[in-house]
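Descriptive structure summary
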Amino acid sequence: MKISLIIPCYNEQEVLHKLYDRVTPVLEKTGDDYEVILIDDGSRDNSLSIMEEFHERNSKWKYLSFSRNFGHQTAVSAGIFYCSGDCAVIIDADLQDPPELIPDLICKWKEGFKVVYAVRKKRKEGIVKRFCYSAFYRLLAKSASISIPLDSGDFCLMDRVVLNRIKSMPESNRFIRGMRAWVGFKQIGIEYERDARAAGKPQYTFSKLLRLAFDGIFSFSTMPLRMTAVFGFIISFFSFIFAAYSLVQRIFADFFMQYNFKLVPGFATTIVSIFFLGGVQLICLGVIGEYIGRVYDEVKRRPLWVISKASGIDTEE
Ligand code: UDP
Ligand code: MG
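Please read these numbers as outputs of a predicted model, since none were measured by experiment.

1. Quick look at the packing of aromatic side chains
Any aromatic ring pair is given by two values, namely how distant the centres are and how the planes are angled relative to each other. As enumerated under the stated definition, the model contains 16 aromatic pairs in all. When the ring of Phe 175 is compared with that of Phe 220, the centres are 6.1 Å apart and the planes differ by 50°; the resulting orientation is tilted. On the criterion of sequence distance, the pair formed by Phe 175 in the loop between α6 (160-167) and α7 (176-183) and Phe 220 in helix α8 (residues 206-220) is long-range, its members being 45 residues apart. Summarising the burial analysis for this pair, Phe 175 and Phe 220 share the class buried. When the ring of Phe 242 is compared with that of Tyr 245, the centres are 6.4 Å apart and the planes differ by 40°; the resulting orientation is tilted. Of this pair, Phe 242 and Tyr 245 both sit in helix α9 (residues 223-251), three residues apart, which is roughly one turn of the helix. Exposure remark for Tyr 245: the relative accessible area of 34% places this residue in the partly exposed category. By way of ring pairs, the aromatic residues Phe 66, Phe 70, Phe 81, Tyr 82 and Trp 305 are connected into one cluster. Positioned over the ring face of Phe 81 is Lys 167, at 5.3 Å from the centre of the ring. Here the guanidinium or amino end of Lys 186 rests over the ring plane of Phe 113, the centre of that ring lying 4.9 Å away.

Structure (structure tokens):
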């Protein structure tokens, strides 16, 4: 049995040596053959030269380097594409996911599970970030057409059958944890506590996280489109009621006057409804635009990444 370890890295020079020291003994102890694939996602620091050093020290540590920053999900996709193991484990470079959990993942895999994903029990991150993550996963679970497990990130083990399926998916908006759930088979989660970053700064900026969240929702659900129609119905319903009320008020003005009912002058209502409807229409257009943009991305059929350098991996295909 051969295990591939896929590690996307973007500006991780502070943490790479720690990563090497913690990962190697764990993999040696499993007794299986292994390879480690580091994907340099266009780092601007010394990450690449550290990777070269690792490869010289231990040929089981391989790397490939992107020509620019393509993003975490793309880096993971490239790892899945080029790995040669019977299974692959995806792990972050920053040691937030403990490598010591890998033997447990392998153990479950050998029991027959095709996907073993790690579920974060506790996060050592700020309260705002934790709230956002938690809200996102619950929203995703409610909206997605397949069931994507709550609070599980990309830290997981996937069997060769799952890897081959994901490899054959041509989409350019990649949301690995969704694609993994889509493939199906026997999947199981195991809980762990997510550590804080070992060193260096988070490479996921707020806008990248938002992008990932959008990819998750829009790639795995058409609920936003349906919501626009629901919005439309709700607003139409209320405007009909309001129109009927206004008509009645006009016709029976004298009757209303008796009870001291003042007629609405109408100016504020007009302005408010114009702005409100304008806003709703823009939101709906935005949602439709989001899907059209994604369709546009897909029809272009651009390659997902460009490799500038690789060692130990055959990238000529
Ligand atoms: N990463 C990447 N490309 C990017 C951003 C991040 O390959 O554009 C990698 C990064 O090096 C790390 C992993 O993705 O190994 C997770 O990133 P980070 O720790 O910044 O995210 P967080 O843990 O805050 O979600
Ligand atoms: Mg991290």
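2. Points about the nonpolar core
As a rule of thumb, nonpolar side chains are buried together in soluble globular proteins. Counting 40 residues, the largest nonpolar core has Phe 66, Ile 80, Ile 90 and Met 158 as the members making the most contacts within it. Take this core: its biggest share by element is five residues, from helix α3 (residues 72-82). Beyond its immediate stretch of four places on either side in the chain, Met 158 contacts Ile 80, Cys 87, Ala 88, Ile 90, Lys 114, Val 115, Leu 163, Ile 166 and Arg 180. Counting 37 residues, the second-largest nonpolar core is a separate cluster that includes Leu 27, Ile 50, Leu 101 and Ala 118.

3. Section: unusual backbone geometry
Unusually for a residue other than glycine, Asn 11 sits at a positive phi of about 50°. By the element assignment, Asn 11 lies in the loop between β1 (2-9) and α1 (13-30). By relative accessible area, Asn 11 is classed as buried at 18%. A positive phi angle is found at Arg 301, which is not glycine, with a value near 55°. Note that Arg 301 resides in the loop between α11 (267-300) and β8 (307-311).

4. Thoughts on the pairing of strand β2 (residues 33-40)
Summarising burial for β2: seven of the eight residues are buried, a large majority. Of the pairings in the sheet, the one linking β1 to β2 comprises eight bridges and is parallel in character. Looking across to β2, one finds that Ile 3 is bridged to Tyr 34. Between the parallel pair β1 and β2, the chain is carried across by α1, and the sense of this crossover is right-handed. Judged from the five bridges that link them, β2 and strand β3 (residues 61-66) form a sheet pairing that is parallel. Across the sheet, residue Ile 37 finds its bridge partner in β3, namely Lys 62.

5. Quick word on the coordination of the magnesium ion (ligand 2)
On the protein side, the magnesium ion (ligand 2) has Asp 94 (OD) and Gln 96 (OE1) as donor atoms, found 1.8 to 1.9 Å from it. Note on accessibility: Asp 94 and Gln 96 belong to one class, buried.

6. Describing the pattern of salt bridges
A full pass over the atoms with the stated rule returns 15 salt bridges. A salt bridge links Asp 215 to Arg 211; the shortest N-O distance between them is 3.5 Å. Of this pair, Asp 215 and Arg 211 both sit in helix α8, four residues apart, roughly one helical turn. A residue is classified by how much of its surface remains accessible, and Arg 211, at 44% relative accessible area, is partly exposed. Close ionic contact of Glu 290 with Arg 294 constitutes a salt bridge, the shortest N to O distance being 2.8 Å. With Glu 290 and Arg 294 both in helix α11 and four residues apart, the pair spans about one turn of that helix. We classify Glu 290 as partly exposed; its relative accessible area is 22%.

The rules we used
Residues numbered from 1 in each chain as written. Chains lettered and ligands numbered in written order. Predicted model: local features only at pLDDT ≥ 70, side-chain atom pairs only at ≥ 80, totals over all residues. Heavy atoms only, no water. Phe/Tyr/Trp six-rings, centres within 6.5 Å; stacked < 30°, edge-to-face > 60°. Helix = DSSP H or I, 4+ residues; strand = E, 2+ residues; numbered from the N terminus. Buried < 20%, exposed > 50% of the residue type's maximum accessible area, 1.4 Å probe, protein only. Lys NZ or Arg CZ within 6 Å of the ring centre and 35° of its normal. Core = buried A, V, L, I, M, F, W, Y, C linked by side-chain atoms within 4.5 Å. Contact = heavy atoms within 4.5 Å. Pairing = 2+ DSSP bridges. Right-handed = clockwise from strand over helix to strand, strands pointing away. Donors = N, O, S within 2.8 Å, 3.2 Å for Na, K, Ca; no water. Salt bridge = Lys/Arg side-chain N within 4 Å of Asp/Glu carboxyl O.

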